[in-house]
Number of protein chains: 2
Amino acid sequence: MAKKKLGSIPLVYPIPIVLLGATVDGQPNFTEVGDCAVMGINPALVAVSLAATHHSTEGINAHGEFSVNFPNTAMLAKTDYCGMVSGRDTDKSRLFTVFGGELSHAPLIEECPVGLECHVLETVEIKHRRIFIAEVVQCHIDEAFVQTAGDRPTVASVNRLDPIIYALDNRYYRIGEPIGTGYMEGKRLR
Amino acid sequence: MAKKKLGSIPLVYPIPIVLLGATVDGQPNFTEVGDCAVMGINPALVAVSLAATHHSTEGINAHGEFSVNFPNTAMLAKTDYCGMVSGRDTDKSRLFTVFGGELSHAPLIEECPVGLECHVLETVEIKHRRIFIAEVVQCHIDEAFVQTAGDRPTVASVNRLDPIIYALDNRYYRIGEPIGTGYMEGKRLR
């Protein structure tokens, strides 16, 4: 098919939507972020990116800690709102039930099925962006989404976790149905 | 709801599945990666993570360039296969029609609706992981997925792009239906 060139556009899709938690001036703050990914399983690494001037960035710079909370689609309005207003003007922690984990400055959201406590290992500065690469210290998950298979816990289908997905068409999406299993679909090409 | 602690697990979900392209020993190589995210719009930044020993990592270290190609669900078997075998033993470029863009060492896949040419700005080494933070130099997209709205091009719905999504339950998923618009859903909470 003929291709078109769009220029310097980071058209990564789809994008997982998370609520990033930080402690800024002693207060929990939550902001909506799509710039988030796993960067390795062992060690358990994630990367997130924020603008240098972002309110949450102050808290992460100060404490080297943040949380990554995964809202479900029932939380869409509150999640979108967290991307619309700054913690400088609005106390967004009042939208949620906040709880603490093992770190002192990584506030977690009770209503989110999954929350990760993260400790910053490296900060990369590129122009106005601050990219934090962090180790996941603890993963909190609603009991209802954990199954025990043999001797270790497994996590429920992503359909049950019901995440919010985003794309650069500025729309939010739901997850669709499962279509295959890792390291199985390619076997017939061997 | 009561929470359970799973320990140091990077339970980020959902995960976009991409085919990372690199030139290794003069040959195009493609590997399946879930460790990929947008890290900023302007400048257009992405991050990807690979093991230091990965065949593609050699090519990226040597040339500071790679591509990020987004397969659709019709490409699931080939995509999964690219995560099962190493380019050291198998010429994976024969699975696809390969084309070149503006960079010399960022081979692109014709069959993928979207491909990004990326130039490495920073490499972060954490244990055996190599995290590449790169600027998107050019975004190639199938003409059929570009619409013109006013004076600038817009990209079709992610449903039409039909990406492959992955999660740590080791299953692949399809994208679901749109559920809202960015900076609109939160307005009623103002």
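From a predicted model like this one, the values you see are computed outputs, not experimental measurements.

Definitions and cut-offs
Residues numbered from 1 in each chain as written. Chains lettered and ligands numbered in written order. Predicted model: local features only at pLDDT ≥ 70, side-chain atom pairs only at ≥ 80, totals over all residues. Heavy atoms only, no water. Helix = DSSP H or I, 4+ residues; strand = E, 2+ residues; numbered from the N terminus. Rg over C-alpha atoms; globule rule 2.2 N^0.38 Å. Buried < 20%, exposed > 50% of the residue type's maximum accessible area, 1.4 Å probe, protein only. Contact = heavy atoms within 4.5 Å. Areas by Shrake-Rupley, 256 points an atom, 1.4 Å probe, with all protein chains shown as cover. Lys, Arg positive; Asp, Glu negative; His and termini not counted. Charge placed at Lys NZ, Arg CZ, Asp CG, Glu CD. Least-squares fit on C-alpha atoms with pLDDT ≥ 70 in both. Disulfide = S-S within 2.5 Å. Salt bridge = Lys/Arg side-chain N within 4 Å of Asp/Glu carboxyl O. pLDDT = per-residue confidence, 0-100. Phe/Tyr/Trp six-rings, centres within 6.5 Å; stacked < 30°, edge-to-face > 60°. Polar contact = N/O pair within 3.5 Å; in protein donor to acceptor, adjacent residues only side chain to side chain. Pairing = 2+ DSSP bridges. Buried area = accessible area lost by both parts, 1.4 Å probe.

1. Observations concerning the overall build of chain A
At step 1: Along the backbone of chain A there are three helices and 15 strands.
At step 2: For 190 residues, the compact-globule estimate of 2.2 N^0.38 gives 16 Å, and the C-alpha radius of gyration of chain A, at 18 Å, lies within 12% of that figure.
At step 3: A buried classification covers 59% of the 190 residues belonging to chain A.
At step 4: Nonlocal contacts in chain A, meaning residues at least 24 apart in sequence, comprise 58% of its contacts between residues at least 6 apart.
At step 5: Carbon and sulfur atoms provide 46% of the accessible area of chain A, an area that totals close to 7400 Å².
At step 6: Separation between the mean location of the 17 positive side-chain charges and that of the 22 negative ones in chain A comes to 13 Å.

2. Topic: the relation of the copies chain B and chain A
At step 1: Overlaying chain B on chain A yields an RMSD of 0.0 Å, the required transformation being a rotation through 180° with an accompanying axial translation of 0.0 Å. In symmetry terms, the pair is related by a two-fold rotation axis. Of every C-alpha in chain B, the one belonging to Gly176(B) sits nearest the axis of rotation, 1.9 Å from it.
At step 2: Interface overlap between copies: 99% of the residues of chain B at the interface are likewise at the interface in chain A, consistent with a symmetric, same-surface contact.

3. Some remarks on the state of the cysteines
Residue and element names in this part refer to chain A.
At step 1: In total, this model carries zero disulfides over all chains according to the counting rule given.
At step 2: Of all cysteine sulfurs in the structure, the one in Cys118 sits closest to Cys36, which takes part in no disulfide; the separation is 7.7 Å.
At step 3: Residue Cys36 is classed as buried on the basis of its relative accessible area of 2%.
At step 4: Cys82 takes part in no disulfide bond, and the closest cysteine sulfur to it belongs to Cys112, at a distance of 9.2 Å.
At step 5: Classification of Cys82 by relative accessible area gives buried; the value is 1%.

4. Thoughts on helix α1 (residues 55–63) of chain A
All names here are of chain A.
At step 1: Those residues of α1 that sit buried are His55, Ser56, Thr57, Gly59 and Ile60.
At step 2: Contacts from the buried residues of α1 go to β3 (18–24), β4 (27–33), β6 (45–51), β7 (65–70), β10 (114–126) and β11 (129–142).
At step 3: Once α1 finishes, Gly64 follows within two positions and takes phi at roughly 65°, a positive value.

5. Quick look at the pattern of salt bridges
At step 1: On inspection of all chains with the given rule, the structure shows 16 salt bridges over all chains.
At step 2: In this structure, Lys3(A) and Asp142(B) form a salt bridge, with 2.6 Å as the shortest nitrogen-oxygen distance. One end of the pair, Lys3(A), is in strand β1 (residues 3–7); the other, Asp142(B), is in strand β11 (residues 129–142), on a second chain.
At step 3: When its relative accessible area of 5% is taken as the criterion, Asp142(B) is described as buried.
At step 4: With its nearest N and O atoms 3.6 Å apart, the salt bridge here joins Asp162(A) to Arg174(A). In this pair, Asp162(A) is assigned in the loop between α3 (158–161) and β14 (165–167) and Arg174(A) in strand β15 (residues 171–181), connecting sequence segments 12 residues apart.

6. Quick word on the confidence of the model for chain A
At step 1: Confidence in the prediction for chain A averages 96 pLDDT; 100% of positions are at 70 or higher.
At step 2: Overall fold confidence (pTM) sits at 0.97, and the ipTM for the predicted complex is 0.96.

7. Details of the packing of aromatic side chains
A ring pair, where both rings are aromatic, is described by two values, the distance of the centres and the angle of the planes.
At step 1: Under the definition given, this model contains six aromatic pairs over all chains.
At step 2: Between Tyr13(A) and Phe70(B), the aromatic rings sit 4.6 Å apart at their centres with planes inclined by 20°, giving stacked as the arrangement. In this pair, Tyr13(A) is assigned in the loop between β1 and β2 (15–16) and Phe70(B) in strand β7 (residues 65–70), connecting two distinct chains. Across the pair, Phe70(B) and Tyr13(A) agree in class, each one buried.
At step 3: Here Phe30(B) and Phe96(B) contribute two aromatic rings whose centre-to-centre distance is 5.7 Å and whose plane-to-plane angle is 80°, an arrangement assigned as edge-to-face. Here Phe30(B), found in strand β4 (residues 27–33), pairs with Phe96(B), found in the loop between α2 (76–82) and β8 (98–99); they are 66 residues apart in sequence, far enough to count as distant. For the residue pair Phe30(B) and Phe96(B), the accessibility class agrees, reading buried in each case.

8. Thoughts on the side chain of Glu117(A)
Residues and elements named next belong to chain A.
At step 1: With respect to the helices and strands, Glu117 occurs in strand β10.
At step 2: A distance of 2.7 Å separates the side chain of Glu117 from the backbone nitrogen of Leu103, its partner in a polar contact.
At step 3: For Glu117, the contacting residues outside a window of four places in its chain are Phe66, Gly101, Glu102, Leu103, Leu108, Glu135, Val136, Val137, Gln138 and His140.

9. Side note on the pairing of strand β13 (residues 152–155) of chain A
All names here are of chain A.
At step 1: Judged from the four bridges that link them, strand β12 (residues 146–149) and β13 form a sheet pairing that is antiparallel. Counterpart to Ala149 in the pairing with β13 is Arg152.
At step 2: The turn linking β12 back onto β13 is made up of two residues, and Gly150 within it adopts a positive phi angle of 70°.

10. A closer look at the interface of chain B and chain A
Note: interface size is frequently given as the accessible area lost on complex formation between the parts.
At step 1: At the interface, 104 residues of chain B touch 103 residues of chain A.
At step 2: Summing both sides of the interface, chain B and chain A together bury roughly 9500 Å²; the carbon and sulfur share of this comes to 69%.
At step 3: Here chain B is connected to chain A by four salt bridges.
At step 4: When the shortest N-O distance is used, the salt bridge between Glu177(A) and Arg174(B) registers 3.2 Å.
At step 5: Taken together, the links from chain B to chain A amount to 46 residue pairs in polar contact (both at pLDDT 80 or more).
At step 6: Sheet topology note: the β1(A)/β11(B) ladder contains four bridges and is antiparallel. Bridge pairing links Gly7(A) to Cys139(B) in β11(B).

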